[in-house]
Amino acid sequence: MTLTPRRDRPRLPWALFAVPAVAGIPAGILWWLLAPGGLNLITRDPALATGSNPSVWLPRDLTLAGLMVLAGCLLAVFLADRRRPRPEASLVLGLAGAVIGSVLAWQTGMLVGRLWGTPVDTSVNASLAFSLRALPVLLLWPAATAISVFVLELLEQLGRKPGAGNRLEDAAGSSGRGAP
């Protein structure tokens, strides 16, 4: 039996998928703690403490939106590191983790609202309970990540000196296929 040598391919950075996905759980708890209709730590206004007040619904969604944008910008800082062996795979895994993390944040926040919040009769309107009315908010984490990575990469390219070249030019020049 002969053993064939294994190619030394760089491993996929699965941590860039798992960390954002799991980070959705504390983000959901934080959403419930901060948002009106939840524990309401931002305003502490008793009029905004329950979901029976319709003026609570928009700030509750905006609180999650702000958390999603913040998480996306933080994730982009780690994804914009071009010293990784496979930066494109890192970006795709990070964006997939951001999608899973935003869904977990939404579901965790609603679960925490049911467990720790006051019981609410939702027969009149489902938004009386701690919930998310604007589901497109869930796309903000991956969108903020993608836009932030683009901006960081653009700033890096603009900040390069003209003689420094980029990775593609360096690779083409070192393989002998580039122009002299």
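Report follows, based on the coordinates.

Thresholds applied
Residues numbered from 1 in each chain as written. Predicted model: local features only at pLDDT ≥ 70, side-chain atom pairs only at ≥ 80, totals over all residues. Heavy atoms only, no water. Salt bridge = Lys/Arg side-chain N within 4 Å of Asp/Glu carboxyl O. Buried < 20%, exposed > 50% of the residue type's maximum accessible area, 1.4 Å probe, protein only. Phe/Tyr/Trp six-rings, centres within 6.5 Å; stacked < 30°, edge-to-face > 60°. Helix = DSSP H or I, 4+ residues; strand = E, 2+ residues; numbered from the N terminus. Lys NZ or Arg CZ within 6 Å of the ring centre and 35° of its normal.

Moving on to the pattern of salt bridges. Proximity of charged atoms lets side chains of opposite charge pair with each other. Throughout the structure, instances matching the rule amount to one salt bridge. Glutamate 156 serves as the salt-bridge partner of arginine 160, at 3.4 Å between the closest nitrogen and oxygen. Given a relative accessible area of 32%, glutamate 156 falls into the partly exposed group.

Okay, the packing of aromatic side chains next. Counted according to the given criterion, the structure contains three aromatic pairs. With a centroid separation of 4.5 Å and an interplanar angle of 50 degrees, the aromatic rings of tryptophan 31 and phenylalanine 130 are classed as tilted. One end of the pair, tryptophan 31, is in helix α1 (residues 15-34); the other, phenylalanine 130, is in the loop between α3 (87-116) and α4 (140-159), and 99 residues separate them in sequence. Accessibility classification places tryptophan 31 together with phenylalanine 130 in one group, the buried group. Look at tryptophan 32 and tryptophan 116: their rings are 5.8 Å apart centre to centre, the planes differ by 65 degrees, and that puts the pair in the edge-to-face class. Separated by 84 residues along the polypeptide, tryptophan 32 in helix α1 and tryptophan 116 in helix α3 bring together distant segments of the chain. Residue classification places tryptophan 32 among the buried residues on the basis of a relative accessible area of 6%. Judged by relative accessible area, which is 55%, tryptophan 116 ranks as exposed. Stacked on the ring of phenylalanine 130, the Lys or Arg arginine 60 has its end atom at 5.8 Å from the ring centre.

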